[in-house]
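A look at the structure
Here's the letter readout for the chains.
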Amino acid sequence: MLTVSAAAGLGNISLADAREIKNQTNQSDNRFKISLNAYSFNALLTKGATNLDAVMDFCARENFDAIDLTGYYFPGYPEVPSDEYIFHLKKKAHQLGLAISGTGIRNEFAEPDKTKRVAEIVFVKKWIEVAAKLGAPVIRIFTGKAIPANHTWEQTAEWIVEDIKTCVEHGKQHGVIVAVQNHNDFIKTADQMIDVIKKINSEWFGLILDTGSFVTNEPYSEIRKTAEYAVNWQVKEKLNYNGQSQNMDLEKLFSIVKASSYRGYLPIETLTPGDPFLIVPPFLKQVRTALENVMNKS
């Protein structure tokens, strides 16, 4: 993503120059890479029936470009892993020809108790440092689960924004982009997400655009509205709206992505119950076919 503010950081350039740079970015249509979000293996990883090493081997066999090494599955989480383990995963990814597209943690900033929020900030900062050691360009965090009792959305957003700003500054110092996932929790709509992004107002902050979690308003419109703020994605099998679940129209989705200024990794995440070793490959094939079709359209 290259906003006018980001372009301005390159020097004394005009708005016309900034638009031209953005246009050049949009022409780089080959810069999409498919990644796997480790959450696709959540049940097996949580039970200890597999591990991140095995999932990485799977990604290499299936010719994924990258993997999102979600922090939940590191030994000892929520405590940070040892450097030895972090560097083991980093080295293994390199040996397998996999990039690491990101990592993610669970945090809670929709908490009225400031002392608890300070502890959450410390937690996020520690994992930003893990992301930096891992070589992950983006760390995925959350705003919070819900509006606390006796508070408004606006009141809660005020302290969430300030807490995230503190984390983003730490991310900047370590070369890690901090990004919030829209998760149909405290953040339910595109407008709410954009409001938070604009208030934080940092080139080291953005959106993990979860294609399956805009359920309040028409999903494709919400995705289109927020695509320019994406610094990473979660491409899911289905979307839910008006109480109905339907298969994601992948060509429609990728047309939106292509029309945006985003270029980079497109992590997929399957949530269908069953064996992910069998579920992921067919969805990956659908994703590849749809992306190729969109890229081949003039």
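Attention here is on the structure that accompanies the text. Remember, predicted model here, so these are calculated numbers, not experimental data. (Residues numbered from 1 in each chain as written. Predicted model: local features only at pLDDT ≥ 70, side-chain atom pairs only at ≥ 80, totals over all residues. Heavy atoms only, no water.)

1. Structural notes on the pattern of salt bridges
Note the cut-off: Should a side-chain nitrogen of Lys or Arg be within 4 Å of a carboxyl oxygen of Asp or Glu, the pair is scored as a salt bridge. Counting from the N terminus, the helices are DSSP H or I runs at least four residues long and the strands are E runs at least two residues long. Each residue is assigned to one of three classes by its accessible area relative to the maximum for its type, calculated with a 1.4 Å probe on protein chains only: buried under 20%, partly exposed between the two thresholds, exposed over 50%.
In this structure the tally under the stated criterion is 12 salt bridges. Between Asp57 and Lys92 there is a salt bridge, and its shortest N-O distance comes to 3.1 Å. Pair noted here: Asp57 is in helix α4 (residues 52–61) and Lys92 is in helix α5 (residues 83–96), with a separation of 35 residues, a long-range link. Accessibility expressed as a relative area gives 27% for Asp57, which makes it partly exposed. Here Lys133 and Asp83 are joined by a salt bridge, their closest N and O atoms 2.7 Å apart. A residue pair is termed long-range when its members are at least 10 positions apart, and Lys133 in helix α6 (residues 114–134) and Asp83 in helix α5 qualify at 50 residues.

2. Notes on the sheet that holds strand β7 (residues 230–236)
Condition: For two strands to pair, DSSP has to find at least two bridges joining them. Note on method: axes are straight lines fitted to C-alpha atoms, helices fitted across the in-contact stretch only, with angles between N-to-C directions ranging 0 to 180 degrees. A contact between two residues is defined here by any heavy atoms of the two lying within 4.5 Å.
One closed barrel accounts for 8 strands, arranged β1-β2-β3-β4-β5-β6-β7-β10; its pairing is parallel. Each neighbouring strand pair of the sheet contributes to a mean axis angle of 30°, computed without reference to strand direction. Note: strand β1 (residues 32–37) against strand β10 (residues 264–269), 5 bridges, orientation parallel. Bridge pairing links Leu36 to Ile268 in β10. Relative to β7, helix α10 (residues 250–259) is tilted by about 175°, and along the sheet it contacts β1, β7 and β10.

3. Focus on the packing of aromatic side chains
For the record, the criterion: Only centres within 6.5 Å qualify two rings of Phe, Tyr or Trp (six-membered ring in Trp) as a pair; their planes then separate them into stacked at under 30 degrees, edge-to-face at over 60, and tilted for everything else.
Tallying each qualifying case throughout the model produces 13 aromatic pairs. Where Phe41 meets Phe58, the ring centres are 5.3 Å apart and the plane angle is 65°; that geometry is what we call edge-to-face. Linking Phe41 in the loop between β1 and α3 (42–47) with Phe58 in helix α4, this pair joins segments that are 17 residues apart in sequence. Phe41 sits in the buried class, given a relative accessible area of 0%. Phe58 sits in the buried class, given a relative accessible area of 2%.

4. With respect to the layout of surface pockets
Summary: where empty space remains is shown by rolling a probe the size of a single water molecule over the atoms. Put simply, the rule reads: Cavity and pocket criteria rest on a 1 Å grid covering protein atoms alone: a 1.4 Å probe that fits but cannot get out defines a cavity, protein on both sides within 12 Å along at least 5 of 7 lines defines an open pocket, and an atom within 4 Å of a point defines a lining residue. Grid points are joined across faces, edges and corners, and a volume is the space filled by probe spheres set on the points.
Taken as a whole, the second largest pocket encloses approximately 270 Å³ of empty space. As for the second largest pocket, its lining consists of 17 residues, and the residues nearest its centre are Tyr72, Arg106, Phe142, Gln181 and His183.

5. Some details on the nonpolar core
Taken as a class, soluble globular proteins show a tendency for nonpolar side chains to be buried jointly. Cut-off, in case you're wondering: We call a set of buried residues a nonpolar core when its members are Ala, Val, Leu, Ile, Met, Phe, Trp, Tyr or Cys and they connect through side-chain atoms within 4.5 Å of each other.
Of all hydrophobic cores here, the largest spans 87 residues; its most connected members are Phe64, Trp233, Phe254 and Ile268. The contact partners of Trp233, leaving out residues within four places of it in the chain, are Ile208, Leu209, Thr211, Ile223, Ala227, Leu253, Val257, Tyr262, Tyr265, Leu266 and Pro267.

6. Examining the packing of α5 against α6
Counted only if it meets this: Here the word oblique covers every angle except those under 35 degrees (roughly parallel), over 145 (roughly antiparallel) and from 65 to 115 (roughly perpendicular). Note on convention: the crossing is left-handed when the near helix lies turned anticlockwise from the far helix by less than a right angle, right-handed when the turn is clockwise. For this scheme, ten residues count as nonpolar: Ala, Val, Leu, Ile, Met, Phe, Trp, Tyr, Cys and Pro. Four count as charged, namely Asp, Glu, Lys and Arg, and the remainder, Gly too, count as polar.
Running from N to C, α5 and α6 point in directions that differ by 40°, and their axes come no closer than 9 Å. The pairing of α5 with α6 is recorded here as oblique in orientation. Where α5 crosses over α6, the handedness of that crossing is right-handed. In this structure, α5 contributes Asp83, Ile86, Phe87, Leu89 and Lys90 to the contact, and α6 contributes Val130, Lys133 and Leu134. Across the contact of α5 with α6, the residue classes break down as 5 nonpolar, no polar and 3 charged.

7. Topic: unusual backbone geometry
In this structure, the amide linkage connecting Tyr77 to the following residue, Pro78, adopts the cis form with an omega of 15°. Relative to the assigned elements, Pro78 resides in the loop between β2 (66–68) and α5. One non-glycine residue, Asn63, lies in positive phi territory at about 65°. Position of Asn63 among the secondary structure elements: in the loop between α4 and β2. Unlike most non-glycine residues, Asn201 shows phi in positive territory, near 50°. Mapped onto the fold, Asn201 is located in the loop between α8 (190–200) and β6 (205–210). For Asn201, a relative accessible area of 62% puts it in the exposed group.

8. Observations regarding the pairing of strand β8 (residues 238–241)
In the sheet, β8 pairs with strand β9 (residues 244–247) via 4 bridges, with the strands oriented antiparallel. Paired with Lys238 across the two strands is Asn247, which belongs to β9. Connecting β8 to the antiparallel partner β9 that follows it, the hairpin turn spans 2 residues, and Asn242 within it adopts a positive phi of roughly 55°.

9. Notes on the environment of Ala110
Of note, Ala110 is situated in the loop between β3 (99–104) and α6. Along the primary structure Ala110 and Thr143 are separated by 33 residues, whereas in three dimensions their C-alpha atoms are 6.5 Å apart.

10. Re the packing of helix α7 (residues 153–174) against α8
The relative placement of two packed helices comes down to the angle between their axes together with the axis-to-axis distance. For the pair α7 and α8, interaxial distance at closest approach is 9 Å and the crossing angle is 45°. Taken together, the axes of α7 and α8 lie oblique to each other. Judged by the twist between their axes, the crossing of α7 over α8 is right-handed. In this structure, α7 contributes Trp153, Val161, Ile164, Lys165 and Val168 to the contact, and α8 contributes Gln192, Asp195, Val196, Lys199 and Ile200. Partitioning the contact of α7 with α8 into residue classes produces 6 nonpolar, 1 polar and 3 charged.

No statement about biological role is implied by the geometric values presented.
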